[in-house]
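Breakdown of the fold
Below are the chains, spelled out letter by letter.
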Amino acid sequence: MRFVFLSLFFCLFTTINISAQPLAAYVDIQNQLMVWDHGLLKKIDFMPPTSMKIGRTCIPYLDNSRSFKIYYNGSVQSLNAGFTNAFFTTDNFVVYLNQKSLNVFDRGVNKNLTGVCDQYFVADSLVLFLDSYKSEYRAFYNNQFYTVESYIPDSVLSHIKVSHNIIAFDNFANQFRIFFRGALIAQEEYPVSSFDAGRNTVAYVDIDHKFKVFHNGQTYVLDDYAPTSYKVGDNMVAYVSTDGYFKVFYGDSLHSIGFMNPTYLVTDNILAYKDPGGMLKVFYKGDITEMETYFPTGIIIQYNSLAYVNTSSTLRLFTEGEAYDVTNADLAHWSLNYDVITYQIGEGIFKVFYKGNEY
């Protein structure tokens with residue numbers, strides 16, 4: 001029995017309640033499309049979609065006849081019949097492409113970004129796109145358009161990271177720039193060796209091999225030498241320094257975890273790592289939680305949550321600082337979307353688990 005549960009990445013405008021409950025969806029045993037919204041299940045289509053993605057506030061999908069539809073605010077809106085060839089969803093947006101016309105569905109309102117688009121990047125609170133009509137890279141952010149970089153014909157920006165609410169890139173003049181909260185910041189006058197971006201945060205190695213972090217408008221030098229490795233999440237940078245220490249920049253301060261070179265994963269608000277004893281530990285907003293005496297395979301991380309099936313065949317969930325044993329039933333399928341677990345038992349039992357409650 002087919003089960004559909006998909007997701008992309010996250011960020012909310014300050015005008016949206018960040019604690020809004022996320023959505024979930026699946027195709028049931030009768031091939032009907034079901035949505036879980038604010039604790040209630042509702043049927044939104046009698047046939048399974050050909051493609052579907054799940055955001056925090058929207059569920060866009062191509063229905064059985066390839067008509068493009070969006071579930072938003074309790075109802076389904078039909079946008080077109082057979083014209084959409086690509087679509088993406090995040091916390092706030094649904095971005096979709098009709099041939100080369102790039103469009104955004106933003107809090108219930110459709111807006112055309114450009115009639116001809118040859119390159120684009122979708123994040124939670126912004127869309128960066130190459131506007132071929134205006135010959136420039138433009139950002140759509142907070143319902144406004146911003147020029148990010150003038151376009152040189154037959155060239156595209158290749159060294160670029162777009163994440164959540166921030167853009168980092170080497171421009172055509174080989175200068176390192178950051179777009180943040182509507183402002184284009186001249187971060188470095190030279191290209192950087194490497195960089196990565198997360199919510200409010202960019203980590204990079206500059207031309208002098210110093211390891212720096214741009215966070216909420218401030219720049220910090222974390223180390224005079226490039227790290228062995230580093231990864232960026234939301235307001236967080238985890239890295240292994242050249243002298244062998246595993247460290248985390250979080251909350252405008254540096255946390256030294258210990259002398260180790262661990263396996264580690266960073267996504268959104270979660271850092272999961274394997275300590276020298278082989279244990280799975282989770283760093284979440286400054287606190288460390290021990291989850292297992294070994295490091296599981298198949299770990300999924302989304303938003304404030306981490307999930308996996310342990311060696312006792314128990315589906316475990318860490319979410320917002322709390323650990324739960326969701327179920328030890330024989331699972332046909334399970335998925336994590338934002339902080340919501342959806343799982344299928346056998347051929348016809350579907351359940352949703354969110355913040356300690358089962359639906």
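Check the entry above for the structure.
First, a word on scope: everything that follows refers to the structure included in this document. Given the structure is predicted, the values throughout are model-derived calculations rather than measurements. In every chain, residue numbers begin from 1 and rise along the written sequence. Local features in this predicted model are restricted to residues whose pLDDT is 70 or higher, and side-chain atom pairs enter the listing and the counts only when it is 80 or higher, whereas totals over whole chains, interfaces and linings include all residues. In computing side-chain properties, one takes all heavy atoms of the structure into account and sets aside hydrogens as well as water.

Some words on the overall build of the chain
Note the threshold: In this text, helices come from DSSP runs of H or I with a minimum length of four residues, and strands from runs of E with a minimum of two, each type numbered from the N-terminal end. Every radius of gyration here is taken over C-alpha atoms, with the globule rule written as 2.2 Å times N^0.38, N being the number of residues. Relative accessible area decides the class of each residue, using a 1.4 Å probe on protein chains only: under 20% of the type maximum gives buried, over 50% gives exposed, and in between gives partly exposed. Any two residues having at least one pair of non-hydrogen atoms within 4.5 Å are treated as being in contact. For the accessible areas, the method is Shrake-Rupley and the probe is 1.4 Å, while residue cover comes only from the protein chains on display. In summary, the charge assignment counts Lys and Arg as positive and Asp and Glu as negative, without counting His or the chain termini. One atom stands in for each charge, and that atom is NZ of Lys, CZ of Arg, CG of Asp or CD of Glu.
The helix and strand tally for the chain stands at zero helices and 39 strands. On C-alpha atoms alone, the chain measures out to a radius of gyration of 21 Å, which is about the 21 Å that the 2.2 N^0.38 rule sets for 359 residues. Considered along the principal axes of its C-alpha atoms, the chain spans approximately 60 × 55 × 30 Å. For the chain, buried positions account for 54% of its 359 residues. For the chain, the share of sequence-separated contacts (at least 6 apart) that also reach a separation of at least 24 residues comes to 41%. Surface exposure of the chain reaches about 15200 Å², of which carbon and sulfur atoms provide 47%. Averaging the positions of the 26 positive and the 35 negative side-chain charges in the chain gives two centres separated by 5 Å.

Quick word on the sheet that holds strand E36 (residues 331–337)
Neighbouring strands of a sheet are bound in pairs by backbone hydrogen bonds; such pairs are parallel or else antiparallel. The criterion, for reference: For two strands to be treated as a pair, DSSP must find at least two bridges joining them.
Spatially, the four strands line up as an open sheet ordered E36-E37-E38-E39, and their pairing is antiparallel. The sheet is open, and its two borders are formed by E36 and strand E39 (357–358), each paired with just one other strand. In this sheet, strand E38 (residues 349–354) lies alongside strand E37 (residues 340–345) in antiparallel orientation, the contact comprising five bridges. Note that in E38 the partner of Thr 342 across the bridge is Val 352.

Overview of the side chain of Ser 67
Tracing the sequence through the fold places Ser 67 in strand E6 (residues 67–72). Excluding residues within four positions of it along the chain, Ser 67 makes contact with Tyr 61, Leu 62, Asn 80, Ala 81 and Gly 82.

Let's talk about the pattern of salt bridges
Here is the rule: Any Lys or Arg side-chain nitrogen located within 4 Å of an Asp or Glu carboxyl oxygen qualifies as a salt bridge.
Scanning all chains against the criterion turns up 17 salt bridges. Residue Arg 199 is joined to Asp 124 by a salt bridge in which the shortest nitrogen-to-oxygen separation is 3.9 Å. Here Asp 124 lies in the loop between strand E12 (117–122) and strand E13 (126–131) and Arg 199 lies in the loop between strand E20 (194–198) and strand E21 (201–205), a separation of 75 residues in the sequence. Its relative accessible area of 9% is what places Arg 199 among the buried residues. Sharing partners across several salt bridges, the network here consists of Asp 45, Asp 63 and Lys 69.

Regarding the nonpolar core
Quick note on the threshold: Nonpolar core, defined: a set of buried Ala, Val, Leu, Ile, Met, Phe, Trp, Tyr and Cys residues in which side-chain atoms within 4.5 Å join the residues together.
Val 148, Ile 167 and Phe 179 are the most contacted members of the largest nonpolar core, which totals 13 residues. Within the residue set of this core, elements represented by two or more residues are E13, strand E14 (136–141) and strand E17 (166–170). Not counting residues within four places of it along the chain, the set of residues in contact with Phe 179 comprises Leu 126, Ala 139, Tyr 141, Tyr 146, Val 148, Asn 165, Ile 166, Ile 167 and Leu 184.

Notes on the packing of aromatic side chains
Note the following rule: Any pair of Phe, Tyr and Trp rings, taking the six-membered ring for Trp, is counted once the centres come within 6.5 Å. Such a pair is stacked with planes under 30 degrees apart, edge-to-face with planes over 60 apart, and tilted for the rest. For a lysine, the NZ atom is tested; for an arginine, the CZ atom; a charge sits over a ring if that atom is within 6 Å of the ring centre and within 35 degrees of the ring normal.
If you walk through the whole model with that rule in mind, you get 27 aromatic pairs. A ring pair is formed by Trp 36 and Tyr 354, whose centres lie 5.8 Å apart and whose planes are at 65°; its orientation type is edge-to-face. Residue Trp 36 is located in strand E2 (residues 33–37), and its partner Tyr 354 is located in strand E38; the two are separated by 318 residues in the primary sequence. This pair shows no difference in class: Trp 36 is buried, exactly as Tyr 354 is. Pairwise contacts between aromatic rings join Phe 93, Phe 129, Phe 140 and Phe 145 into one cluster. Positioned above the aromatic ring of Phe 87 is the side chain of Lys 53, whose terminal nitrogen or guanidinium carbon lies 4.4 Å from the ring centre.

Here's the deal with the pairing of strand E3 (residues 40–45)
One ladder, built from five bridges, connects E2 with E3; its direction is antiparallel. Residue pairing for E3: Met 34 is matched across the bridge by Lys 43. Between E2 and the antiparallel strand that follows it, E3, lie two residues; His 38 among them carries a positive phi value of about 55°.

Considerations on the side chain of Gln 175
The line we're drawing: Any pair of N or O atoms that falls within 3.5 Å is considered a polar contact. Within protein, one atom must be able to donate a hydrogen and the other to accept it, and sequence-neighbouring residues count only if both atoms are side-chain atoms.
Secondary-structure assignment places Gln 175 in the loop between E17 and strand E18 (176–180). Separated by 3.1 Å, the side chains of Gln 175 and Arg 177 make a polar contact. What Gln 175 contacts, discounting residues up to four positions off in sequence, is Phe 169, Asp 170, Glu 188, Glu 189 and Tyr 190.

Observations concerning the sheet that holds strand E19 (residues 183–188)
Selection criterion: Note on definitions: angles span 0 to 180 degrees between N-to-C directions of axes, and those axes are lines fitted to C-alpha atoms, for helices only across the stretch in contact.
What the four strands build is an open sheet, ordered E16-E17-E18-E19; its pairing is antiparallel. Only two strands of the sheet have a single neighbouring strand rather than two, namely strand E16 (160–163) and E19. Taking the axes of each pair of neighbouring strands and ignoring which way they run, one obtains an average angle of 15° across the sheet.

Overview of the environment of Gly 108
Relative to the helices and strands, Gly 108 is located in the loop between strand E10 (101–106) and strand E11 (109–114). Spatially, the C-alpha atoms of Gly 108 and Gly 278 are 47 Å apart, while their sequence positions differ by 170 residues.

Thoughts on the pairing of strand E1 (residues 24–27)
Side-chain alternation along E1 places Ala 24 and Tyr 26 on one buried face and Ala 25 and Val 27 on a second face that is also buried. In the sheet, E1 pairs with E2 via four bridges, with the strands oriented antiparallel. Residue pairing across strands places Ala 25 opposite Val 35, the latter belonging to E2.

Thoughts on unusual backbone geometry
Most of the time, phi is negative for any residue but glycine, and the peptide bond is trans. Backbone geometry places Ser 135, a non-glycine residue, at a positive phi of 55°. Following the sequence through the fold, Ser 135 ends up in the loop between E13 and E14.

Looking at the environment of Gly 286
The topology assignment puts Gly 286 in the loop between strand E30 (280–284) and strand E31 (287–292). Sequence separation between Gly 286 and Gly 74 is 212 residues, and the spatial gap between their C-alpha atoms is 36 Å.

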